[in-house]
Amino acid sequence: MESGLETEYLVQKMSIQMSSRVLPIPKHYSYISTHIAFITVEELLRLPISLHCISLEQRKAYFVEMSDGSNPYNTRRFSIQFVSQRELGKYLYALPLDQFYQYVEGLDLSQRRVVWLFHSARCGSTVWAQVFNELPNWGVVSECNFLLHSLMYENNSEPINNFLHSETFARATLAGFKFNVSRFPESYSIFVKGATFQDLSLLHPVAKYFKNLKLLFSYRNCLPSTESWSQAFAKYKLMFLESSRRIVNGKYTNDYISLFIVGAHTQWWLHPARSRVIPNPVPVSQFEWYVVYWCSMVCGVRRAQEQGYGVHCIKYEDMQADCEGLIRRVFNHLGIDESLVAMALQSTRQDSHADTYFSHRKRKDRVNSETLTESLSRANKILEYYDCLSLNSDLVMPSTL
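Since the model is a prediction, treat every value here as computed from it, not as a measurement.

Further remarks concern helix α15 (residues 323-334). Taking 1.5 Å as the rise per residue, α15 with 12 residues should run 16 Å; its terminal C-alpha atoms sit 17 Å apart, in good agreement. Three or more residues of α15 are buried, namely Cys323, Gly325, Leu326, Ile327, Val330, Phe331 and Leu334. Looking at the buried residues of α15, the elements they touch are β6 (113-119), α4 (125-134), β9 (212-219), β10 (311-315), α14 (316-321) and α16 (341-347).

Laid out in structure tokens, this is it:
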């Protein structure tokens, strides 16, 4: 594919010496790297790269090439893209943002068939990425967190809700999403598994552009989701507690992660006045923090449905009860040939996170160190604040397949 850009716009190529092992929030200085070369934009686009980060502050788009030059969109090897980039990246490329925009805005992808899956985390969403990874003529983008850094650290001059309504945000959102879609042959349909802390806020500009867009939301009942999160991400417990302390101290009110503590009201359609209300009680454990996040996703999707976005939902408990039946219902909804159900079912029998530190094998002996008893009543108060059911309730979202 021709880029339509002059070769005088050079891309900086850097060798990654070592990746940081902290929470993999995409940002260009996540790596220790050294400059080794300049290449042309055309050369960059021919490489097996994936979008890592759009930095609005630095005015650059950053890309990563994996250590062995392999396909970064193969979810069997790289189940969560932004984690794999940090763990296995070999080269980092920096392209001036104006040239990135010029290239992507020259692509007409509006008619591409795209299925976009939002999710509440720890709800089987990665299994769906594996399912579509196995289907012929489908490409998968699994959790490309390309705007998270800008949302968290580069927007200090205005309230986050104002930023989410801005043309700057819409342009960056659409550019990153279009680039991901453009990495697959024109004959391919694309399955996008949304990034946990980012994608619901991207909905409006993407849905406005893509004409053949189907929206799904994968969810699970609150208590088992929360217990699974607390166990899988125990190593990041202090980070979430620090976010809670920021709210208690009345600081960092524009910090993206902290806004999830306030209510995770990063969805562009939510009323700004609501986003300034601090829930009572403020979470004081990772268990409670995740309950706030779960509520924010459930409420955000409900609100999107009320606003006319046709979000259909798929429930983890239904997958556990009848995996084949649920796959068949999803395929029927999306117009996918039923003859592919058997192939899809086979792909669900492998650990979808086998490449990560929270795989079944690594997680099975891990003890959940949080004291859940002290959090149960507080969690129920958080659920009540968000007009959600109690912790032990069975949630059925509208338009569940």
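The biggest cluster of nonpolar side chains holds 85 residues, and the ones touching the most others in it are Phe63, Phe100, Trp116, Phe179 and Phe210. Setting aside anything within four residues of it in sequence, one finds Phe179 in contact with Leu45, Ile49, Leu51, Phe63, Tyr73, Phe100, Tyr103 and Val104. In this structure, Val127, Trp138, Leu216 and Met319 belong to the second largest nonpolar core, which totals 26 residues.

The next thing to look at is the sheet that holds strand β8 (residues 189-193). Across the sheet, which stays open at both edges, the 5 strands sit in the order β7-β8-β6-β9-β10 with parallel pairing between neighbours. The sheet terminates laterally at β7 (138-142) and β10, the two strands that pair on one side only. Sheet twist, expressed as the average angle between the axes of neighbouring strands with direction ignored, equals 20°. Where β6 lies against β8, 4 bridges are found, and the strand directions are parallel. By the bridge assignment for β8, Val114 is matched with Ile190. Against the sheet, α4 engages β6, β7, β8, β9 and β10, with an angle of about 165° to β8.

On to the packing of α4 against α15. One way to put it is that α4 packs onto α15 with a least axis distance of 13 Å and a crossing angle of 65°. Seen from above, α4 lies across α15 with right-handed handedness. In this structure, α4 uses Trp128, Val131 and Phe132 to contact α15, whose residues at the interface are Leu326, Ile327, Val330, Phe331 and Leu334. Counted by class, the contact of α4 with α15 contains 8 nonpolar, no polar and no charged residues.

What counts, and at which threshold
Per chain, the residues get numbers from 1 upward, laid out in the order the sequence is written. Where local features are concerned, this predicted model is filtered to residues with pLDDT of at least 70; where side-chain atom pairs are given and counted, the filter is 80 or more; whole-chain, interface and lining totals use all residues. Water and hydrogen atoms play no part in the side-chain values, which are based on all heavy atoms of the structure. Runs of E in the DSSP output that reach at least two residues are strands. Runs of H or I that reach at least four are helices, and both are numbered from the N terminus. What a helix is expected to span follows from its residue count: subtract one and scale by 1.5 Å. To sort residues, take the accessible area from a 1.4 Å probe on protein chains only and compare it with the maximum for the residue type: under 20% means buried, over 50% means exposed, and anything in between is partly exposed. Note on definitions: a residue-residue contact is assigned when non-hydrogen atoms from the two residues lie within 4.5 Å. Here, the term nonpolar core denotes a set of buried Ala, Val, Leu, Ile, Met, Phe, Trp, Tyr and Cys residues that are joined through side-chain atoms within 4.5 Å. In this description, strands pair whenever DSSP reports at least two bridges between them. Working convention: axes come from line fits to C-alpha atoms, limited for helices to the stretch in contact. Angles between N-to-C directions cover 0 to 180 degrees. Note on convention: near helix rotated counterclockwise from far helix by under a right angle means a left-handed crossing. Clockwise means right-handed. Residue classes follow a fixed rule: Ala, Val, Leu, Ile, Met, Phe, Trp, Tyr, Cys and Pro count as nonpolar, while Asp, Glu, Lys and Arg count as charged, and any other residue, Gly among them, counts as polar.

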